[in-house]
Protein chains: 2
Amino acid sequence: MLYVIGLGLSDEKDITVKGLEAVKKSERVYLESYTSILMIPKERLASCDMEEFYGREVIVATRETVELESDDILRDAETKDISFLVVGDPLGATTHSDLLLRASDLGVPTTVIHNASILTALGSTGLQMYSFGQTLSLPFYTETWAPSSWYDRLEENLRVGMHTLILVDIKVREQSEENMARGRLIYEPPRFMSPYTAFQQFLRTEAERHPPVSEQESTDGTPPPETTPTLCHPDRTLALSLSRIGTPTQRIIAGTISELASLPEEEFGPPLHSVVIVGKRVHPLEVEFAGRWAVGGENGNWWKVAKEVYGVERESR
Amino acid sequence: MLYVIGLGLSDEKDITVKGLEAVKKSERVYLESYTSILMIPKERLASCDMEEFYGREVIVATRETVELESDDILRDAETKDISFLVVGDPLGATTHSDLLLRASDLGVPTTVIHNASILTALGSTGLQMYSFGQTLSLPFYTETWAPSSWYDRLEENLRVGMHTLILVDIKVREQSEENMARGRLIYEPPRFMSPYTAFQQFLRTEAERHPPVSEQESTDGTPPPETTPTLCHPDRTLALSLSRIGTPTQRIIAGTISELASLPEEEFGPPLHSVVIVGKRVHPLEVEFAGRWAVGGENGNWWKVAKEVYGVERESR
């Protein structure tokens, strides 16, 4: 039996009782170490803490192992129990469809043991999970490369009033161009995008897509070309930063995009982070709940924009 | 400390190790028994099995208890540990925002322990969770009441190519009109919508919104009024039924909506169920993975429609 087991969001004790029982009886235990929603520092997962708690040696599986040597992972799984551990929900971010399909081809029975993922844990914001549209991924921009197709997806969600979860980039096991060119398997230190960078990139793309009117004026005095009005003006759009969700140091900050973009980077603390853009079909209780973390507290722009732009009146409590 | 603890999807062993530790040290343990994603038969949850496993008496909390007597639940929680158990993820379906806000007002510290919910577990279908739009709820139609606003939401998702999870109706603790009129607290047996009913209701609303052309012809020979073409023709739209997801008897069936609507009700087995409508922005691997459960197997309409309507060519494996 191949058990594909979710580890949840924070530490080794977020495994389910059922998952732990499967691990303890497994012949081999693999830990998938490369998907982009890794919420636990690898050091800790791969540390003795984890192996001690699970009572099993844990083999760290890189992307190469899983994609190229999946038959090694599946060896003897027709008759023996093998566990494959994945941070979050095992079919959450990367579906690991390939491994499950390969097991199916080989006649290996499989059991998936689900767990929490960022997609459910973002309920901590007080926003209604059912009102989220598609989930976006925001890559690190470079000086010459700022792919903005995520912005089109965001507009699709905003047009129908949906909230948007934006997963921000994580670079693990990246090689420098030089090391890659020379074929050296030396990896750069991991990089985790902060909400600061995410909101700066947002402002950059927003300004490119919807330049301020003054910049649109041509030098010969002709009127600027018509552009569709922006759906997410930074001063008039509510957003949240989500840091270390599901862990004891979880931190949520709420405000307009402009307010959040002007916070110093260290305000958000260590990774992992993600970002939420609030859609227009928001409920007053959602505004109330998340407003407890508003920049500027009761006098923050959160409440002003909620009223003037989102049409939400505060309920008296 | 108020612990709000997710129980996951299947049975008492889906609680996390951390959640179990919190339960075992709690002074009182409540089980929230009314949200619409209850995936465990209440009888089992409330049974001695559960109390024995958790080592604690479990107090079943109805909607009335949670909404009207929340201060009872929170009594002494400033100094003692209280656990509030919720099936799935605790902030998944119903956010329980009110209870958490009330705790916050009373100065009671809270800890949320997340778990799997249908929103993550639907990764079992092989469909990419990030490509789901907003989640819909489909109510039981009656002879005189067939609210179809869910259909507008479905179209919003389909227009941008997103998949749609449809949560189907569950009636628990419903009173008959007579008992309600007489003020008798007698409840009807629980009712769970089957995929059969869900697809029949779909066909009814689809036919109302987009009547077949022949029915549009007026008797005096004038041409039918122009209607926008349907985005989800039953013969040309792929869908899935999801039954008992996350449990050992999990069953997924894939096909066109017409194919799924023509299956006998008993084919889907016992509750709980939900339904997925596949969006156009589908990836070949998603089609491949879910196609293993296609009505008619390799010769089913699944593959034909995937190719002709969704433009997905099968990869050779």
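Residues numbered from 1 in each chain as written. Chains lettered and ligands numbered in written order. Predicted model: local features only at pLDDT ≥ 70, side-chain atom pairs only at ≥ 80, totals over all residues. Heavy atoms only, no water.

**Describing the overall build of chain A**
A tally of regular secondary structure across chain A gives 14 helices and 12 strands. Relative to its 317 residues, chain A shows a buried fraction of 54%. Excluding contacts between residues fewer than 6 apart, the proportion of contacts in chain A whose partners are at least 24 apart in sequence is 74%. (Helix = DSSP H or I, 4+ residues; strand = E, 2+ residues; numbered from the N terminus. Buried < 20%, exposed > 50% of the residue type's maximum accessible area, 1.4 Å probe, protein only. Contact = heavy atoms within 4.5 Å.)

**Some points on unusual backbone geometry**
At the junction of Pro271(A) and Leu272(A), the peptide bond is cis and its omega measures out at 0° in the coordinates. Despite not being glycine, Asp76(B) shows a phi value in the positive range, around 65°. Structurally, Asp76(B) can be placed in the loop between α5 (70–74) and β4 (82–86). Exposure remark for Asp76(B): the relative accessible area of 32% places this residue in the partly exposed category. Even without a glycine there, the phi angle at Arg244(B) is positive, about 55°. In this fold, Arg244(B) is placed in the loop between β10 (238–243) and β11 (251–256). Residue Arg244(B) is classed as buried on the basis of its relative accessible area of 10%.

**Let's talk about the relation of the copies chain B and chain A**
Note on the identical chains: chain B maps onto chain A by a rotation of 180° and an axial translation of 0.0 Å, with an RMSD of 0.0 Å. Both copies are brought into coincidence by an operation consistent with a two-fold rotation axis. Of all interface residues in chain B, 100% are interface residues in chain A too; the two copies therefore contact each other through one and the same surface. (Least-squares fit on C-alpha atoms with pLDDT ≥ 70 in both.)

**Things to note about the packing of helix α8 (residues 149–159) of chain B against helix α10 (residues 195–209) of chain B**
Residues and elements named next belong to chain B. Direction vectors running N to C along α8 and α10 enclose 80°, while the axes themselves pass 11 Å from each other. Between α8 and α10, the interaxial angle falls into the category roughly perpendicular. Of the residues in α10, those in contact with Trp-150, Tyr-151, Asp-152 and Leu-154 of α8 are Gln-201, Phe-202, Thr-205, Glu-206 and Arg-209. Looking at side-chain class alone, the contact of α8 with α10 contains four nonpolar, two polar and three charged residues. (Axes fitted to C-alpha atoms, helices over the stretch in contact; angles between N-to-C directions. Parallel < 35°, antiparallel > 145°, perpendicular 65-115°, else oblique. Nonpolar A, V, L, I, M, F, W, Y, C, P; charged D, E, K, R; others polar.)

**Re the pairing of strand β4 (residues 82–86) of chain A**
Residue and element names in this part refer to chain A. With five of five residues buried, β4 lies mostly within the body of the structure. Side-chain alternation along β4 places Ile-82, Phe-84 and Val-86 on one buried face and Ser-83 and Leu-85 on a second face that is also buried. Two elements, strand β1 (residues 2–6) and β4, share five bridges in a ladder whose sense is parallel. Its bridge partner lying in β4, Val-4 is registered against Phe-84. With four bridges joining them, strand β2 (residues 28–32) and β4 adopt parallel strand pairing. Paired with Arg-28 across the strands is Ile-82, a residue of β4. (Pairing = 2+ DSSP bridges.)

**Examining the sheet that holds strand β2 (residues 28–32) of chain B**
Residues and elements named next belong to chain B. Pairing in this open sheet of five strands is parallel, and the strands run β3-β2-β4-β1-β5 from one edge to the other. Whereas interior strands pair on both sides, the edge strands pair on one side only; in this sheet they are β3 (58–61) and β5 (110–113). Strand-to-strand twist in this sheet, taken as the mean axis angle between neighbours without regard to direction, amounts to 20°. Inspection of the sheet shows β2 paired to β3 by four bridges, in the parallel sense. From the neighbouring strand, Glu-32 faces β3, where its bridge partner is Ala-61. Packing against the sheet, helix α1 (residues 17–24) makes contact with β1 (2–6), β2, β4 and β5, and its axis sits at approximately 140° to β1.

**A word on the UniProt feature "binding site: S-adenosyl-L-methionine" (unreviewed entry) in chain A**
Residues and elements named next belong to chain A. When the UniProt feature table is mapped to this numbering, "binding site: S-adenosyl-L-methionine" (unreviewed entry) covers Leu-9, Asp-89, Gly-92, Ser-117, Ile-118 and Val-168. Inspection of the secondary structure assignment puts Ile-118 in helix α7 (residues 118–121). Mapping Val-168 onto the fold places it in strand β7 (residues 164–168). Apart from residues no more than four positions distant in its own chain, Val-168 is found in contact with Leu-138, Met-193, Ala-198, His-273, Ser-274 and Val-275. (UniProt positions renumbered as here; feature names shortened; annotations may be inferred.)

**Some remarks on the sheet that holds strand β6 (residues 136–138) of chain A**
All names here are of chain A. Within the open sheet, the five strands sit side by side as β6-β7-β12-β10-β11. Their pairing is mixed. What marks the edges here is a single partner per strand, and that holds for β6 and β11 (251–256). Across the sheet, the mean angle from the axis of one strand to that of its neighbour is 25°, orientation sign disregarded. As paired strands, β6 and β7 are joined by three bridges and run parallel to one another. Each bridged residue has a counterpart across the sheet, and for Leu-136 the counterpart in β7 is Ile-166. Most of the contacts of helix α8 (residues 149–159) go to β6, to which it runs at about 145°, and overall it touches β6, β7 and β12 (273–277). Contacting β6, β7, β10 (238–243) and β12, helix α10 (residues 195–209) runs over the sheet at an angle of about 150° to β10.

**Regarding the side chain of His114(A)**
With respect to the helices and strands, His114(A) occurs in the loop between β5 (110–113) and α7. A polar atom in the side chain of His114(A) sits 3.0 Å from the side chain of Asp89(A). Polar contacts involving the side chain of His114(A) include one to the side chain of Ser124(B), which spans 3.1 Å. (Polar contact = N/O pair within 3.5 Å; in protein donor to acceptor, adjacent residues only side chain to side chain.)

**As for the interface of chain B and chain A**
How big an interface is tends to be reported as the loss of accessible area on association of its parts. With 54 residues of chain B in contact, the opposing surface of chain A contributes 54 residues. Together chain B and chain A conceal approximately 4,500 Å² of surface at their shared face, both sides included; 57% is due to carbon and sulfur atoms. Inspection of the chain B/chain A interface yields eight salt bridges. For Lys18(A), the salt bridge is made with Asp14(B), and the minimal N-O distance between the two is 3.2 Å. Among the elements of the structure, α1, α6 (97–105), α7 (118–121), α8 and α13 (284–291) of chain B are those that each provide at least two residues to the side of chain B that touches chain A. The element best represented in the side of chain B that touches chain A is α6(B), accounting for seven residues. The residue makeup of the side of chain B that touches chain A, split by class, is 21 nonpolar, 18 polar and 15 charged. (Buried area = accessible area lost by both parts, 1.4 Å probe. Salt bridge = Lys/Arg side-chain N within 4 Å of Asp/Glu carboxyl O.)

**Quick word on the nonpolar core**
Membership of the largest hydrophobic core comes to 62 residues, with the highest contact counts inside it found for Leu240(A), Trp302(A), Leu240(B) and Trp302(B). If we ignore the near neighbours within four places in the chain, the residues touching Trp302(A) are Leu238(A), Ala239(A), Leu240(A), Ala254(A), Gly255(A), Glu259(A), Val278(A), Val287(A), Ala290(A), Gly291(A) and Ala294(A). (Core = buried A, V, L, I, M, F, W, Y, C linked by side-chain atoms within 4.5 Å.)

**Describing helix α14 (residues 301–308) of chain B**
At 3.6 residues per turn, the α-helix brings residues three or four places apart onto the same side. All of the buried residues in α14(B) are Trp302(B), Trp303(B), Val305(B) and Ala306(B). Its buried side turned inward, α14(B) meets β10, β11, α12 (257–261) and α13 of chain B.

**Overview of the environment of Ala261(A)**
Residue and element names in this part refer to chain A. Summarising the element assignment, Ala-261 is placed in helix α12 (residues 257–261). By relative accessible area, which is 7% here, Ala-261 ends up buried. For Ala-261, the contacting residues outside a window of four places in its chain are Tyr-196, Phe-199, Gln-200 and Leu-203.

**Description of the pattern of salt bridges**
Summed over all chains, the structure comprises 30 salt bridges over all chains. Residues Glu178(B) and Arg182(B) are paired through a salt bridge, measuring 3.4 Å at the closest nitrogen-oxygen approach. The structure contains a network of salt bridges with shared partners spanning Asp11(A), Asp14(A) and Lys18(B).

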